[in-house]
Amino acid sequence: MEWREPESGCTIVPAQAVINHAAELELCERIKVKRFDEETEEKIPATLEWVKAFMGTASPNLGAYALFMYLTGCRPSEAVNVKWSDVDLKAKTVLLRETKGGTERTAHLPDLLFVTLANLPRVTGRGVFVYQHYGDFQHACDYAIERAGIKRLTPHCMRHGFAISLLRRGVDALTVARLGGWNAGQVLRTYGHANKNRKLTDLLIDTPVTQKLAENARKPRKTGTT
């Protein structure tokens, strides 16, 4: 596992919150803290094409794991914890127990994922994807990527791909947040990219020209850091 120094927000923000809460109780003065500049790590989103290529060389369980994250938007640790009792193939749903916040949400199983899970071999005493801990499959994942000749992505990239693919297809940030277990502000900060085309205001009137503009606006764009 790769360890990194904690970002300033991991320590400064909580400390400032505690002190300012004490200030509200008139125990001290409020403080303002200047944040350090933080480096943002580029997050490369997976695509369905990447996932399919990965599945072609990965084991059935590992391939299904990647597809599951891409099509449900769940966190890697949430996928590891999915049990067969959480999966309702008849209703095409799965219960996800969030590792952040301790809440639950029900996700839909698109047809491709439904068929993949329905044909997945079951191992007694193990979860849907067999692996018991996030990180158990790192070497198998790297080997499958090398054999497929595709770019090395992490499991988190499946979740990024879920969000960005839906946003590019016109799904609003609030809905994407609900589907993926984010808060809306996080979706906008992490995945939202403003379209700089000034002519988009023409969309307020419905003409053949603006219909063509709307079609072009929905096409995927290069977004840089995601």
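Residues numbered from 1 in each chain as written. Predicted model: local features only at pLDDT ≥ 70, side-chain atom pairs only at ≥ 80, totals over all residues. Heavy atoms only, no water.

> Residues and numbers for the overall build of the protein chain, please.
Summing up its helical and strand segments, the protein chain has 10 helices and three strands in all. In the protein chain, the succession of helices and strands from N to C terminus is α-α-α-α-β-β-β-α-α-α-α-α-α. Relative to all contacts within the protein chain whose residues are 6 or more apart in sequence, the contacts with residues 24 or more apart total 55%. Of the roughly 14,900 Å² of accessible surface on the protein chain, a fraction of 54% belongs to carbon and sulfur atoms. (Helix = DSSP H or I, 4+ residues; strand = E, 2+ residues; numbered from the N terminus. Contact = heavy atoms within 4.5 Å. Areas by Shrake-Rupley, 256 points an atom, 1.4 Å probe, with all protein chains shown as cover.)

> So what's going on with the pattern of salt bridges? Which residues, and what values?
Across all of its chains, the model carries six salt bridges by this definition. Via salt bridges that share partners, Arg-75, Glu-78 and Arg-105 belong to a single interconnected network. (Salt bridge = Lys/Arg side-chain N within 4 Å of Asp/Glu carboxyl O.)

> Any details on the environment of Thr-57? Residues and values, ideally.
Along the chain, Thr-57 turns up in helix H2 (residues 48-57). Taking C-alpha positions, Thr-57 is 9.0 Å from Glu-146, a pair spaced 89 residues apart along the chain. Filtering out sequence-adjacent residues up to four positions away, Thr-57 remains in contact with Ala-144, Arg-147 and Ala-148.

> Any details on the sheet that holds strand S3 (residues 104-108)? Residues and values, ideally.
Strand order in this open sheet of three strands is S1-S2-S3, and the pairing throughout is antiparallel. Two strands lie at the open edges of the sheet, namely strand S1 (87-88) and S3, each paired on one side alone. In the sheet, S1 pairs with strand S2 (residues 93-97) via two bridges, with the strands oriented antiparallel. By the bridge assignment for S2, Val-87 is matched with Val-94. (Pairing = 2+ DSSP bridges.)

> Run through the packing of H2 against helix H6 (residues 138-148), naming residues and quoting values.
Packed helices, taken two at a time, are described by the angle between their axes plus the distance between the axes. The contact between H2 and H6 brings their axes to 8 Å, and the two run at 105°. The orientation of H2 with respect to H6, classified from their angle, is roughly perpendicular. Between H2 and H6, the residues in contact are Trp-50, Ala-53, Phe-54 and Thr-57 and Cys-141, Ala-144, Ile-145, Arg-147 and Ala-148, respectively. Looking at the contact of H2 with H6 residue by residue, the class counts come to seven nonpolar, one polar and one charged. (Axes fitted to C-alpha atoms, helices over the stretch in contact; angles between N-to-C directions. Parallel < 35°, antiparallel > 145°, perpendicular 65-115°, else oblique. Nonpolar A, V, L, I, M, F, W, Y, C, P; charged D, E, K, R; others polar.)

> I'd love a proper account of the packing of aromatic side chains, names of residues and values included.
Inspection of every chain in the model, using the stated rule, returns six aromatic pairs. Through a chain of ring-to-ring contacts, the aromatic side chains of Tyr-65, Phe-68, Phe-129, Tyr-131 and Phe-137 assemble into a single cluster. Its end group placed over the ring of Phe-114, Lys-92 keeps NZ or CZ at 4.9 Å from the ring centre. Here the guanidinium or amino end of Arg-122 rests over the ring plane of Trp-84, the centre of that ring lying 3.9 Å away. (Phe/Tyr/Trp six-rings, centres within 6.5 Å; stacked < 30°, edge-to-face > 60°. Lys NZ or Arg CZ within 6 Å of the ring centre and 35° of its normal.)

> Report on unusual backbone geometry, specifying residues and quantitative values.
One can expect most non-glycine residues to show negative phi and most peptide bonds to be in trans. Positive phi, normally seen in glycine, also occurs at Lys-92, with a value near 60°. By the secondary structure assignment, Lys-92 is in the loop between S1 and S2. Phi at Val-130 is positive, roughly 70°, even though this residue is not glycine. Looking at the secondary structure, you find Val-130 in the loop between helix H5 (111-118) and H6.

> Could you give me a rundown of the packing of helix H3 (residues 60-72) against helix H7 (residues 156-168), with the residues and numbers involved?
Remark: H3 packs on H7, axes separated minimally by 7 Å, with the N-to-C direction vectors making an angle of 35°. Like other packed secondary-structure pairs, H3 and H7 cross with a definite hand, here right-handed. Here Ala-66, Met-69, Tyr-70, Leu-71 and Thr-72 of H3 come into contact with H7, specifically with Met-158, Gly-161, Phe-162 and Ser-165. Looking at the contact of H3 with H7 residue by residue, the classes come out as six nonpolar, three polar and no charged. (Left-handed = near helix turned anticlockwise from the far one by under 90°.)

> Before we move on, can you summarise the confidence of the model for the protein chain with the specific residues and values?
For the protein chain, the mean per-residue pLDDT works out to 80, and 69% of the residues sit at or above 70. A low-confidence stretch, residues 1-9 stays under pLDDT 50, and its non-local contacts, those more than four residues away or across chains, total eight contacts. Here residues 36-40 is modelled with pLDDT under 50, and outside its nearest four sequence neighbours on either side it reaches six contacts, counting other chains as well. (pLDDT = per-residue confidence, 0-100.)

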